[in-house]
Amino acid sequence: MKAVVYEGENRMRVSEQQDPSVAGPEDALLRVTTSAICGSDLHMYEGRTALPPGRVVGHEIMGVIERVGDAVTSIRPGDRVVLPFNIACGFCYNCHRGLTNMCLTMNEQKAHAAYGYAGMGPYGGGQAEYVVVPHADFNCLKLPGTPFDQWEEDFVLLADVFPTGFYGTELAQVQAGRSVGIFGAGPVGLMAAMSALIRGASEVYVVDFVPERLEKVKEIGATPIDARDGDPVEQIFDLRSRISGLRGRLRPGEEKLKGVECVIDAVGYQARDDRDYGRENPTQVLDNVIRLVNPAGHVGIVGVYLAPDPGAKTDEAKRGVFALPMAELFDKAVTVGMGQCPVKLYNEYLRDLIIMGRAKPSRIVSHRIRIDQAPEAYEKFDRRADGYTKVLIQFKDRAARAA
Ligand SMILES: NC(=O)c1ccc[n+]([C@@H]2O[C@H](COP(=O)([O-])OP(=O)(O)OC[C@H]3O[C@@H](n4cnc5c(N)ncnc54)[C@H](O)[C@@H]3O)[C@@H](O)[C@H]2O)c1
Ligand SMILES: [Zn+2]
Ligand SMILES: [Zn+2]
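Residues numbered from 1 in each chain as written. Chains lettered and ligands numbered in written order. Predicted model: local features only at pLDDT ≥ 70, side-chain atom pairs only at ≥ 80, totals over all residues.

1. Brief notes about the domain arrangement of the protein chain
With domains assigned, the protein chain is organised as domain 1 (2-160 + 342-402) and domain 2 (161-338). The C-alpha centroid of domain 2 is placed 27 Å from the C-alpha centroid of domain 1. In this assembly, 25 residues from domain 1 lie in contact with 26 residues from domain 2. Elements represented by at least two residues in the side of domain 1 that touches domain 2 include exactly α1 (39-45) and α13 (347-355). (Domains from an automatic or database assignment. Contact = placed C-beta atoms within 7 Å. Helix = DSSP H or I, 4+ residues; strand = E, 2+ residues; numbered from the N terminus.)

Written out as structure tokens, the structure is:
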């Protein structure tokens, strides 16, 4: 089969690999129809993780089940499924509580396993024609329809970015009427904005500095904040102060609530500096989040912070150690939640929002490619060039041959 393989810093290659086979009685073999490239893959692409060369990458995967092991009962060959990027056992202490992002048994090194990712266990990636699904009864979400129908591009986003954006709104406690600020208009930030609107937020501001991405913010009905126009936090303070309806309802003291109640970091440790976009500043977004959140507000951090980071500038950053304005955070008495998204907690509900026409996450998809075009797509997505926002690798030839 063809697969995307990490070769080293800034190098992905499409190579011929042996077709994987079902190893255990609880596993299944999936024929991939669509696999997406994620902002998380860029951390590996740029050599900012400990991933050894030679690994097949990709963790946003959907397709059709080709074979199942003897012990698989609820998933059959021919079923159309999408895979949560977390690989989980279903029986450990954390899985029992729905926290499949912290599964204790699938990765010897730590809690949490995933397909084709640094530090997330030995599992093969899904930017490939086939992938093995461990514990298939637990790790597949069943889908209606047929490959490449009107939902294909929506459903593939259930593997990661739609649930992860939604999780950001969950951690930041977004509810009807609440005000929301989001840093990053990549796929995760855009999905957080869409989720916040679905949950009934009254105001949703999304900060970035990539014009095509800010355009998408507007398309989905949120307010874009272009960080190239000056301090994004001040811009949001200023915008809110000029909404006359909001000003007219203030009671004494409420002028201290010039920020927003719910803030989401959808950028992570590779954040750019606000005053110099060529420069990385790993705490830029966290500093801004803490300034923007109102007293007694809520923060959700879904942008990734990871170590070891061989490409970081300082020894501390290589270990993932950063200085934060802790006193301001404490003083404001905000709640902070963070981490990998437990996809399985949300993906059935989000799937049904898609089926019932209440969510159309594929609005963020910018490019559809064949697997041979993946190295070029990585390069362009990494530079956020030519509008590359969300890239889907489609395996249409293989689907046609299988039909
Ligand atoms: N928690 C999870 O489960 C989970 C899942 C998927 C992705 N992620 C992480 O989410 C983050 C975003 O991923 P993505 O797929 O959206 O891709 P992405 O990396 O393309 O998006 C990041 C966006 O942030 C913008 N940005 C950079 N510096 C900024 C700043 N100072 N202020 C505002 N915006 C800034 C970039 O221009 C870019 O558009 C990554 O760190 C990724 O690893 C986390
Ligand atoms: Zn992803
Ligand atoms: Zn588990």
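What follows picks up the thread again.
2. Considering the pairing of strand β19 (residues 391-394)
Every second residue of β19 is oriented toward a common face, with Val391 and Ile393 on one face and Leu392 and Gln394 on the other, all of them buried. Summarising the sheet, strand β3 (residues 28-37) and β19 pair through four bridges and their orientation is antiparallel. Looking at the pairing, Ala36 lines up with Leu392 of β19. In this structure, strand β18 (residues 367-369) lies alongside β19, joined through three bridges in parallel fashion. Counterpart to Arg368 in the pairing with β19 is Leu392. (Buried ≥ 20, exposed ≤ 12 C-beta atoms within 10 Å, placed from the backbone. Pairing = 2+ DSSP bridges.)

3. Section: the sheet that holds strand β13 (residues 260-265)
The six strands are arranged β12-β11-β10-β13-β16-β17 in an open sheet whose pairing can be described as parallel. The open sheet terminates on both sides in strands that have one partner only, identified here as β12 (223-226) and β17 (335-338). Averaged over all adjacent pairs, the angle separating strand axes in this sheet is 20°, with direction ignored. Bridging between strand β10 (residues 179-183) and β13 involves four bridges; their strand directions are parallel. Pairing of Ile182 across the sheet is with Ile264, part of β13. Contacting β13, β16 (293-301) and β17, helix α5 (residues 161-171) crosses the sheet at an angle of about 150° to β16. (Axes fitted to C-alpha atoms, helices over the stretch in contact; angles between N-to-C directions.)

4. Quick word on the site of ligand 1
In the vicinity of ligand 1 there are 35 residues, among which Gly39, Gly184, Gly186, Val188 and Gly268 approach most closely. When contributions to the shell around ligand 1 are tallied by element, the ones reaching two or more residues are α1, α5, α6 (187-198), β11 (203-208) and α10 (284-292). Top element by residues in the shell around ligand 1 is α1. It accounts for four residues. The residue makeup of the shell around ligand 1, split by class, is 18 nonpolar, 11 polar and six charged. Here the shell around ligand 1 spans two domains, since at least three of its residues come from each of domain 1 (2-160 + 342-402) and domain 2 (161-338). (Near = placed C-beta within 6 Å. Nonpolar A, V, L, I, M, F, W, Y, C, P; charged D, E, K, R; others polar.)

5. So, the pairing of β3
Every regular strand shows the same layout, with side chains that alternate between the two sheet faces. Taken across its 10 residues, β3 has nine buried, putting it largely inside the fold. By the bridge criterion, eight bridges tie β3 to strand β4 (residues 60-68) in an arrangement that is antiparallel. Opposite Ala36, over in β4, you have Glu60 as the bridge partner. In this sheet, strand β8 (residues 130-133) lies alongside β3 in antiparallel orientation, the contact comprising four bridges. Counterpart to Ala28 in the pairing with β8 is Val133.

6. Thoughts on the nonpolar core
If you look at the biggest cluster of nonpolar residues, it comprises 118 residues, and the most contacted ones within it are Ile182, Ala193 and Val206. Counting only domains with at least three residues in this core, you end up with domain 1 (2-160 + 342-402) and domain 2 (161-338). Beyond its immediate chain neighbours, meaning those up to four positions away, Val206 contacts Ile182, Ala185, Gly189, Ala193, Val217, Ala222, Pro224 and Ile225. (Core = buried A, V, L, I, M, F, W, Y, C linked by C-beta atoms within 7 Å.)

7. Remarks on the packing of helix α8 (residues 232-241) against α10
When two helices pack together, you describe them by how their axes are tilted relative to each other and by the distance separating the axes. Packing of α8 against α10 leaves a shortest axis separation of 9 Å and a crossing angle of 25°. The pairing of α8 with α10 is recorded here as roughly parallel in orientation. α10 is crossed by α8, and the crossing has right-handed handedness. Two secondary-structure elements touch here, α8 through Pro232, Val233 and Ile236 and α10 through Asn288, Arg291 and Leu292. Its residues assigned to classes, the contact of α8 with α10 shows four nonpolar, one polar and one charged. (Parallel < 35°, antiparallel > 145°, perpendicular 65-115°, else oblique. Left-handed = near helix turned anticlockwise from the far one by under 90°.)

8. As for α6
Structurally, the α-helix is built with 3.6 residues per turn, so residues lying three or four positions apart point the same way. If you check α6, its first and last C-alpha atoms are 16 Å apart, about what 12 residues at 1.5 Å a residue would give, namely 16 Å. Buried residues dominate α6, accounting for 10 of its 12 residues. Pro187, Val188, Gly189, Leu190, Met191, Ala192, Ala193, Met194, Ser195 and Ala196 are the residues of α6 that are buried. Tucked into the core, α6 has its buried residues touching α1, α5, β10, β11, α7 (211-219) and β13. Residue Gly200 follows α6 closely and has a positive phi angle near 90°. (Expected span 1.5 Å × (residues − 1).)

9. Quick word on the environment of Ala128
Inspection of the secondary structure assignment puts Ala128 in the loop between β7 (113-114) and β8. Here the alpha-carbon distance between Ala128 and Val64, two residues 64 residues apart in the chain, equals 13 Å.

10. A word on the packing of α5 against α6
For the pair α5 and α6, interaxial distance at closest approach is 7 Å and the crossing angle is 60°. By the angle between their directions, the pair α5 and α6 is classed as oblique. Pair α5 / α6 crosses with right-handed handedness. Only Pro187, Val188, Met191, Ala192, Met194, Ser195 and Ala196 of α6 make contact with α5, whose side of the interface consists of Val161, Phe162, Thr164, Gly165, Phe166, Gly168 and Thr169. Residue classes in the contact of α5 with α6 are distributed as nine nonpolar, five polar and no charged.

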